[in-house]
Amino acid sequence: MVDHAVPVCVWVKRDLRVADHPALAEAVARARGGAVFAVFLYEPEVLAQPEWDASHTEFQRECLADLEVALGRLGIRLVTRRGEAVAMFDELRRETGFRLIVAHEETGTGVTYARDRRLRRWAREAGVEFLELPQTGVVRRLGSRNGWNRLWEQRMEAPQADVPRSTGRGGHASIARLASAGILGCRDLGQSADTKDRQRGGEHAASEVLDDFLLRRGRHYSGGISSPLSSPTSCSRLSPYLAFGAISMRTVWQASEARRREVRANSLTATSPRDRADLKAWQRSLNAVQSRLHWHCHFMQKLEDEPAIEFHNMLRAADGLREAEVCPERLAAWQAGRTGYPLVDACMRSLVTTGWLAFRMRALVVSFASYSLWLHWRPTGLFLARHFLDFEPGIHWSQLQMQSGTTGINMLRIYNPTKQAIEQDPAGVFIRRWVPELAGVPPAYLHMPWTMPVAVQRSAGCMIGHDYPAPLVDHAAAVREAKRRLAVVRNAPAARSEARGVAERHGSRRDRRGAMQQDPVRRTLAREITRRRKAAPLPDSQRWLPFAAPESGGNPSPLDDGSS
Ligand SMILES: Cc1cc2nc3c(=O)[nH]c(=O)nc-3n(C[C@H](O)[C@H](O)[C@H](O)COP(=O)(O)OP(=O)(O)OC[C@H]3O[C@@H](n4cnc5c(N)ncnc54)[C@H](O)[C@@H]3O)c2cc1C
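Residues numbered from 1 in each chain as written. Predicted model: local features only at pLDDT ≥ 70, side-chain atom pairs only at ≥ 80, totals over all residues. Heavy atoms only, no water.

## With respect to the confidence of the model for the protein chain
Part 1 of the argument: In this model, the protein chain carries an average pLDDT of 90, and 89% of its residues clear a pLDDT of 70 or more.
Part 2 of the argument: This stretch, residues 512-526, has a pLDDT under 50; its non-local contacts, to residues over four places away or in other chains, come to 34 contacts. (pLDDT = per-residue confidence, 0-100. Contact = heavy atoms within 4.5 Å.)

## Quick notes on the sheet that holds strand β4 (residues 100-104)
Hydrogen bonds along the backbone pair up the strands of a sheet, which may run parallel or antiparallel.
Part 1 of the argument: Judged by pairing direction, the sheet is parallel, and its five strands sit side by side in the order β3-β2-β1-β4-β5 without closing on themselves. Edge positions in the sheet fall to β3 (77-82) and β5 (129-133), since each has one partner strand and no second. Taken pair by pair, the neighbouring strands of this sheet meet at an average axis angle of 25 degrees, ignoring direction.
Part 2 of the argument: Sheet topology places strand β1 (residues 8-11) next to β4; three bridges connect them, and they run parallel. (Pairing = 2+ DSSP bridges. Helix = DSSP H or I, 4+ residues; strand = E, 2+ residues; numbered from the N terminus. Axes fitted to C-alpha atoms, helices over the stretch in contact; angles between N-to-C directions.)

## A closer look at the packing of aromatic side chains
Part 1 of the argument: The final tally for this structure, using the stated rule, is 13 aromatic pairs.
Part 2 of the argument: Residues Phe59 and Tyr241 carry aromatic rings whose centres are separated by 5.4 Å and whose planes lie at 50 degrees to one another, so their mutual orientation is tilted. A residue pair is termed long-range when its members are at least 10 positions apart, and Phe59 in helix α3 (residues 54-73) and Tyr241 in helix α11 (residues 239-243) qualify at 182 residues.
Part 3 of the argument: Exposure remark for Tyr241: the relative accessible area of 2% places this residue in the buried category.
Part 4 of the argument: Ring centres of Phe59 and Phe244 lie 5.1 Å apart, and the angle between their planes is 50 degrees; on these two criteria the pair is classed as tilted. A residue pair is termed long-range when its members are at least 10 positions apart, and Phe59 in helix α3 and Phe244 in the loop between α11 and α12 (249-269) qualify at 185 residues. (Phe/Tyr/Trp six-rings, centres within 6.5 Å; stacked < 30°, edge-to-face > 60°. Buried < 20%, exposed > 50% of the residue type's maximum accessible area, 1.4 Å probe, protein only.)

## Examining the packing of helix α6 (residues 148-157) against α12
Part 1 of the argument: Contact geometry for α6 and α12: axes closest at 8 Å, N-to-C directions at 85 degrees. In terms of orientation, α6 lies roughly perpendicular with respect to α12. Where α6 approaches α12, its residues Trp152, Arg155, Met156 and Glu157 are matched on the opposing element by Met249, Arg250, Trp253 and Gln254.
Part 2 of the argument: Taken together, the residues that form the contact of α6 with α12 break down as four nonpolar, one polar and three charged. (Parallel < 35°, antiparallel > 145°, perpendicular 65-115°, else oblique. Nonpolar A, V, L, I, M, F, W, Y, C, P; charged D, E, K, R; others polar.)

## A word on unusual backbone geometry
Part 1 of the argument: We note that Arg237 has phi near 65 degrees; this positive angle belongs to a residue other than glycine.
Part 2 of the argument: Among the secondary structure elements, Arg237 is positioned in the loop between α10 (231-234) and α11.
Part 3 of the argument: Arg237 gets classed as buried once you look at its relative accessible area, which sits at 16%.
Part 4 of the argument: In this model, Trp374 sits at a positive phi of 55 degrees, which is unusual for a non-glycine residue.
Part 5 of the argument: The residue Trp374 is located in the loop between α16 (359-372) and α17 (377-387) in this model.

## Considerations on the pattern of salt bridges
Part 1 of the argument: All chains considered together, the criterion is met by 37 salt bridges.
Part 2 of the argument: A salt bridge links Lys13 to Asp116; the nearest nitrogen and oxygen atoms lie 3.9 Å apart. Here Lys13, found in the loop between β1 and α1 (22-31), pairs with Asp116, found in helix α5 (residues 110-126); they are 103 residues apart in sequence, far enough to count as distant.
Part 3 of the argument: Residue Lys13 is classed as buried on the basis of its relative accessible area of 9%. (Salt bridge = Lys/Arg side-chain N within 4 Å of Asp/Glu carboxyl O.)

## Some thoughts on the pairing of β5
Part 1 of the argument: Of all the five residues making up β5, four are buried; the element is thus mostly covered by neighbouring parts of the structure.
Part 2 of the argument: Of the strand pairs in this sheet, β4 and β5 are connected by five bridges, and their pairing is parallel. The residue bridging Leu100 from the neighbouring strand is Glu129, located in β5.
Part 3 of the argument: Crossover β4 to β5 through α5 is right-handed. (Right-handed = clockwise from strand over helix to strand, strands pointing away.)

## Looking at the packing of helix α15 (residues 342-354) against α17
Part 1 of the argument: Running from N to C, α15 and α17 cross one another at 45 degrees; their axes reach a closest spacing of 8 Å. It follows that α15 is oblique to α17 by the angle criterion. Of the residues in α17, those touching α15 at Met348, Leu351 and Val352 are Phe383, Leu384 and His387.
Part 2 of the argument: Residue composition of the contact of α15 with α17, by class: five nonpolar, one polar and no charged.

## Describing the environment of Arg155
Part 1 of the argument: Relative to the helices and strands, Arg155 resides in helix α6.
Part 2 of the argument: With 20 residues separating them in the primary sequence, Arg155 and Gln135 have C-alpha atoms 8.9 Å apart.

## A word on the environment of Ser367
Part 1 of the argument: Mapped onto the secondary structure, Ser367 falls in helix α16.
Part 2 of the argument: Separated by 33 residues in sequence, Ser367 and Leu400 have C-alpha atoms that sit 9.0 Å apart.

## Here we look at α5
What sets the pattern is the α-helix's 3.6 residues per turn: residues three or four places apart point alike.
Part 1 of the argument: Over its 17 residues, α5 extends 24 Å from the first C-alpha to the last, a length consistent with the 24 Å expected when each residue adds 1.5 Å.
Part 2 of the argument: Taken together, the buried positions of α5 are Thr112, Arg115, Asp116, Leu119, Trp122 and Ala123. The arc that holds every buried residue of α5, seen down its axis, measures 125 degrees, which confines them to one face. In this structure, α5 carries Arg124 and Glu125 as exposed residues pointing more than 90 degrees from its buried face. (Expected span 1.5 Å × (residues − 1). Arc of directions from axis to C-beta.)

## Digging into the side chain of His396
Part 1 of the argument: One can find His396 in helix α18 (residues 393-402).
Part 2 of the argument: Sequence-distant contacts of His396, that is, excluding residues within four places in its chain, are made with Gly381, Leu384, Ala385, Phe388 and Phe391.

## Overview of the nonpolar core
Part 1 of the argument: Membership of the largest hydrophobic core comes to 73 residues, with the highest contact counts inside it found for Leu16, Val36, Leu71, Ile76, Val102 and Tyr241.
Part 2 of the argument: Among the elements that take part in this core, helix α13 (residues 273-305) stands out by supplying eight residues, more than any other.
Part 3 of the argument: Look past the residues within four positions of Val102 in its chain and what remains in contact with it is Val8, Cys9, Val10, Trp11, Ala23, Glu26, Ala27, Leu131 and Leu133.
Part 4 of the argument: If you look at the next biggest cluster of nonpolar residues, it comprises 45 residues, including Cys347, Ala363, Ile431 and Leu438. (Core = buried A, V, L, I, M, F, W, Y, C linked by side-chain atoms within 4.5 Å.)

## Here we look at the side chain of His104
Part 1 of the argument: With respect to the element layout, His104 can be found in strand β4.
Part 2 of the argument: A distance of 3.1 Å separates the side chain of His104 from the backbone nitrogen of Ala23, its partner in a polar contact.
Part 3 of the argument: Not counting residues up to four positions away in its chain, the partners in contact with His104 are Lys13, Asp15, Arg17, His21, Pro22, Ala23, Glu132, Leu133, Pro134 and Gln135. (Polar contact = N/O pair within 3.5 Å; in protein donor to acceptor, adjacent residues only side chain to side chain.)

This is the structure:
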């Protein structure tokens, strides 16, 4: 018997949307005509995490503002409270008598992991059903990685969860009476102001960004995602929306599939060489972005399966490598963009201002911190998490470890900051923009300003060591030493056997029977890659197989991402 006087509670967290929202859909279905209300909590312990930044608060505020309107149209009230989760739900239960909370599974930080455990215990004791549903391709309580690709595909191809209007017979009165803290920004929460020049939040903005990418910008994804000059417009820029759940992964996947099919159909009838080239570029780009959508969940699954990797090396044999040697001066120089390596400094300064960097530049700044400066990934990762608007714990910590050589299963991928600068910003446009001290430096010296003769430094108005720092370390020598130390650890027999366990637990599978692998466009691309590889074998670090690249050395695809 459904008691219509008792409302159903939906807890919204990192799922700030109404489209394709399985938890909302389930709540409305389970209410069977009774009222449903949504709760969002401003949890002091979440806001106090070192990963949290004012920009996250403001992006979240924009998402919540959109959500409140959209929920209102569905007849669902959004109630917000400020406080610890168990205390808040206990209070709300006393006020409304709800017996069911529906939420999405969250693969979060240690703080939210512990909070969810506390809440589950409270719910058990209080006789409240706490139902958590998946919202991405991440599988809770996954026994083995074998077959995971297929599960992911099934989820992405399943119909979206439409949320019907809640008719809300009964139970309304108690919901209408509930106090709500409203939608809070930095000032309300006692935080310093958000100073980032960043993307706007909200479900509406997320749809616009997706459409703009799939209809216009995405044409240049393949080939345009590595350079800091082209990546801001060539990349999809969907990451903060996915991180805050302003759009679902399934919506993005299905929209990209629909576009891919459209492009394929058009390519069958295109006759002009220009149209054909254009459609081929689209095919390459859509294929490349779809691989990355898969990686999103692949990386999150690692943290879901082993929450400890937020704090500990995935390969425990690497414990002790860097822990005792974090040099505060080096860390501070890296954070401030004052390492003396222009591209690294430009990236760090641009990140702090905009909240975003493309994959290649993220990998570069981490590689520089972990290998050249020999900094442990945890403090560098916390700084980046705070400044990445799209901070997603599962991707973030897995990537930090991968780019620091502590997984045991990935090849070392060490980026040369000068080579990257010459390749990705040859004219120094990005560098001059973010490192104005170098604005007057002649092009011949811009990527290695420390080689400028003193007379040139004087005429350029940039004295090395005064206006702009001399290199903090000798990159080549530092990297030689880093490789030596890592080799000692990784080649030890115990580490090798431990690494096999890591591969078994976290490694991607070359699951060739998956539905997407049977796709004709993918088959064509795979054949093309095999042909190219036979013609000119790629070095190990550049091997690429659909979906297997993250394990084979850092995500690059020969289609779009070149060498390091
Ligand atoms: C050290 C490091 C830390 C990172 N931390 C985060 C993070 O906290 N949050 C985050 O979303 N991404 C993270 N990434 C992955 C990647 O850099 C970003 O997803 C991407 O730059 C976001 O921009 P975009 O949405 O335009 O990406 P696009 O290139 O357009 O890709 C589309 C989507 O695919 C997913 N994706 C893309 N690249 C990767 C990847 N290499 N691994 C996993 N998923 C990927 C993201 O969801 C992204 O939004 C990190 C990468 C590195 C090297």
